[in-house]
Amino acid sequence: MIHSALIRALPSAVVALVLVGCSPGGDAFQGGTGAQHEDLVVLFEEWREFQRPEFVDGVPDYTPSAMAAQYRELSAYQGRLAAIDTTGWSISEQVDYHVVRAEMNGLEFDHRVMRPWARNPAFYSVIHASQSDVPAHEGPIVAGWIDLWTYDYPLTSEAAARLGVRLRTIEPLLEQAKGNLVEDARDLWLGGIRSMSGQIRDLDALSETVATDSELQGDIEVAVAAIEEFRAWLEQEVPSRTDPSGVGVENYDWYLKNVHLIPYTWEEEVDVMRRELARSLSALRLEEHRNRDLPRQQRVSSAAEYDRRFNAAVTEYIRFLRDNEVVTVYDYMEPALRERIGRFTPADGLRGFFSEVSYRDPLVMRTHGHHWFDLAMMAEDPHSSPIRRVPLLYNIWDSRAEGIATGMEEWMMNAGLFADEPRSRELIYILVAQRAARALAGLFMHSNELTMDQAVEFASKWTPRGWLPADGSTVLGEQHLYLQQPYYGASYLMGKYEMEQFMAERASQLGDEFTLKRFMDEVNASGLIPVSLIRWEVTGQGDQIIAMTR
């Protein structure tokens, strides 16, 4: 066994050799000890096809027999991967190997622990009205989903026909789900009822959008009726569901190490989140004290003000990134951010949590809009490796995507972005506190110390200024997601934490040659993969991966 402290002391080239020797391996890959990266790409493409369920008459098959068959076959794919001898491969090629390994482990965890097709009714939510700001849908998702935002409205007759075909799969899928959902996970069932109500609202909105298409209206009506019937079935069944829904600490730790390649445990994440909550709350009070004689920020109050200030915020932020040499600014970045500013909506009381922030200073959440840079980068400048050109499965990108987007908020504050808006520094610490509070709530759900209702109350209580009310849709939606997708709630600040450690290490490694722009460009060049893998590729230090593959 190689001690991690020794690994950290070794030169990068030596570490690379050590890692090659420690790579999972077998005698050969399909008849030879000299396996090439191209062999891995071939396996990856076959794996991606395999992990999708079979479709019967356009409906994905998640029946017990189909899932049992998939689980039996999974070991063959894992065996083929383990048989690849990576000796002599570059670090970048070995990184790709571990990406594929993590994805296969993700499907294993689904079958052994998560089993969303059998215990999570929200898994069967098909309709997605808006685009996520991350590479793929957040949380587990049923095959054959419908992204309404990918259609151009008004629909052409051909597009309407295609959408109608897709909508007609909802009824048989939900009929199948009744036979599949046999496991007891009370909070997931309760969350599923709310998810189905959301599906109905999205289809009602679609109905208004395509009001003149009578045939599509019929398909929508059938789909809505099927969802209403399925929701009623869930409501009838839920009293008999009494078991907790968390995966447990032992399973959570396995998932961190083997799927998301996170070099921490549940307990360590709790410690970090507690520290982040205390740090942000105390920093907020200090900022409020510092700014006590300044007027409080007022929310944007009209459509004209919204358009002016939000557009100005995009212009200012892009200028800041360029002028301060934070990252290479490409032509696609400003349009990607400007297209996402949204539009003004009136409100008498509290807005959603993030709108409470944005409507006070639109510049603050433009920093989190780094997500849109990521998506534009994937589209405009795809990675050279086929394995990294597509979003990783099982949200394995979360530490990188959410970690940087969250990190940019506080990093840009510290770089001087809000030098002329001291009250906006308060907003940054409110954001950190909210992320820490909701992460702790999610962690305690998975240790089965809190129910989802208790997690909602916890996150609401520790979010400053009452901006996250316990009866609001934001906190309910977040905690339901974090229960369905272990680690996601912690990924915002844990990813930021990993990135900060990585940044400090890279600065020490480069000395006077370190610049923020160089670091950010190096991170972006690795693609949207776990931070531990980016760190290995950039610094040559693979001690974290060695520790997680022992």
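Everything quoted here is computed from the prediction, not taken from an experiment.

Let's shift gears to the overall build of the protein. Helix and strand content of the protein: 25 helices and four strands. Against the 2.2 N^0.38 benchmark of 24 Å for 550 residues, the protein shows a C-alpha radius of gyration of 24 Å, consistent with a compact globule. For the C-alpha atoms alone, the extent of the protein along its principal axes is close to 65 × 65 × 50 Å. Taken across its 550 residues, the protein has 57% of its residues classed as buried. Sequence-distant contacts, at least 24 apart, represent 78% of the contacts inside the protein between residues at least 6 apart. Total accessible area on the protein is roughly 23,100 Å²; 50% of this is exposed by carbon and sulfur atoms. Within the protein, one finds 52 positive and 83 negative side-chain charges whose respective centroids are separated by 6 Å.

Along the polypeptide, Glu421 turns up in the loop between helix 18 (398-414) and helix 19 (422-446). Here Glu421 falls in the partly exposed class, since its relative accessible area comes to 42%. Each C-alpha atom, one on Glu421 and one on Phe373, is 25 Å from the other, the two residues being 48 residues apart in sequence. Dropping the residues within four chain positions of it, Glu421 is found in contact with Gln297 and Asp361.

A few words on the environment of Trp89. Residue position: Trp89 is located in the loop between helix 4 (64-82) and helix 5 (91-114). Taking the C-alpha atoms as reference points, Trp89 and Met503, separated by 414 residues in sequence, lie 26 Å from one another. At 2.9 Å, the side chain of Trp89 and the backbone oxygen of Ala35 are in polar contact.

A separate point is the nonpolar core. Nonpolar side chains in soluble globular proteins tend to be buried together. One finds Trp47, Tyr317, Leu321, Met408 and Met412 to be the most contacted residues of the largest nonpolar core, which totals 131 residues. Those residues in contact with Trp47 that lie beyond four places of it in its chain are Leu74, Tyr77, Glu103, Met104, Leu107 and Leu393. In this structure, Val126, Leu163, Met196 and Ala223 belong to the second largest nonpolar core, which totals 42 residues.

All right, on to the confidence of the model for the protein then. Averaged over all residues, the pLDDT of the protein equals 94, while 94% of them reach at least 70. Residue range residues 1-32 is modelled with pLDDT below 50. Its contacts to residues more than four positions away, or to other chains, number 56 contacts.

Here we take up unusual backbone geometry. Backbone geometry follows two general trends: most residues other than glycine have a negative phi, and most peptide bonds adopt the trans configuration. Residue Pro154 follows Tyr153 across a cis peptide bond; omega there is 0°. In this structure, Pro154 sits in the loop between strand 4 (146-147) and helix 7 (157-167). In this model, Asp57 sits at a positive phi of 55°, which is unusual for a non-glycine residue. In this fold, Asp57 is placed in the loop between strand 1 (55-56) and strand 2 (59-60). Phi at Asn448 is positive, roughly 60°, even though this residue is not glycine.

Moving on, we get to the pattern of salt bridges. Going through the model one piece at a time under the given rule, you end up with 32 salt bridges. Asp96 is the partner of Arg388 in a salt bridge, and the nearest nitrogen-oxygen pair spans 2.7 Å. You can see Arg388 sitting in the loop between helix 17 (370-380) and helix 18 and its partner Asp96 sitting in helix 5, a full 292 residues away along the chain. One exposure class covers both Arg388 and Asp96, and it is buried. With a closest N to O distance of 2.8 Å, Arg435 and Glu409 form a salt bridge. With Arg435 in helix 19 and Glu409 in helix 18, this pair connects stretches of sequence that are 26 residues apart. Here the two residues Arg435 and Glu409 agree in accessibility, since each one is buried. A single network of salt bridges, built from pairs that share partners, joins Glu276, Arg279, Glu410, Lys496 and Glu500.

Moving on: helix 5. For helix 5, built from 24 residues, the straight-helix expectation of 34 Å at 1.5 Å per residue is met to within 8% by its first-to-last C-alpha distance of 32 Å. Burial of helix 5 is extensive: 21 of the 24 residues sit out of reach of the surface. Positive backbone phi, approximately 40°, marks Arg115, located one or two places after helix 5.

The next point concerns the packing of helix 19 against helix 22 (residues 488-510). The interhelical angle for the contact between helix 19 and helix 22, taken along N-to-C directions, is 135°, at an axis separation of 8 Å. Relative to helix 22, the element helix 19 is oriented oblique. Seen along the crossing, helix 19 lies across helix 22 with a hand that is left-handed. Contacts between helix 19 and helix 22 involve Val432, Arg435, Ala436, Arg438 and Ala439 from the former and Gly489, Ala490, Tyr492 and Leu493 from the latter. Residue composition of the contact of helix 19 with helix 22, grouped by class: six nonpolar, one polar and two charged.

Scoring rules and cut-offs
Residues numbered from 1 in each chain as written. Predicted model: local features only at pLDDT ≥ 70, side-chain atom pairs only at ≥ 80, totals over all residues. Heavy atoms only, no water. Helix = DSSP H or I, 4+ residues; strand = E, 2+ residues; numbered from the N terminus. Rg over C-alpha atoms; globule rule 2.2 N^0.38 Å. Buried < 20%, exposed > 50% of the residue type's maximum accessible area, 1.4 Å probe, protein only. Contact = heavy atoms within 4.5 Å. Areas by Shrake-Rupley, 256 points an atom, 1.4 Å probe, with all protein chains shown as cover. Lys, Arg positive; Asp, Glu negative; His and termini not counted. Charge placed at Lys NZ, Arg CZ, Asp CG, Glu CD. Polar contact = N/O pair within 3.5 Å; in protein donor to acceptor, adjacent residues only side chain to side chain. Core = buried A, V, L, I, M, F, W, Y, C linked by side-chain atoms within 4.5 Å. pLDDT = per-residue confidence, 0-100. Salt bridge = Lys/Arg side-chain N within 4 Å of Asp/Glu carboxyl O. Expected span 1.5 Å × (residues − 1). Axes fitted to C-alpha atoms, helices over the stretch in contact; angles between N-to-C directions. Parallel < 35°, antiparallel > 145°, perpendicular 65-115°, else oblique. Left-handed = near helix turned anticlockwise from the far one by under 90°. Nonpolar A, V, L, I, M, F, W, Y, C, P; charged D, E, K, R; others polar.

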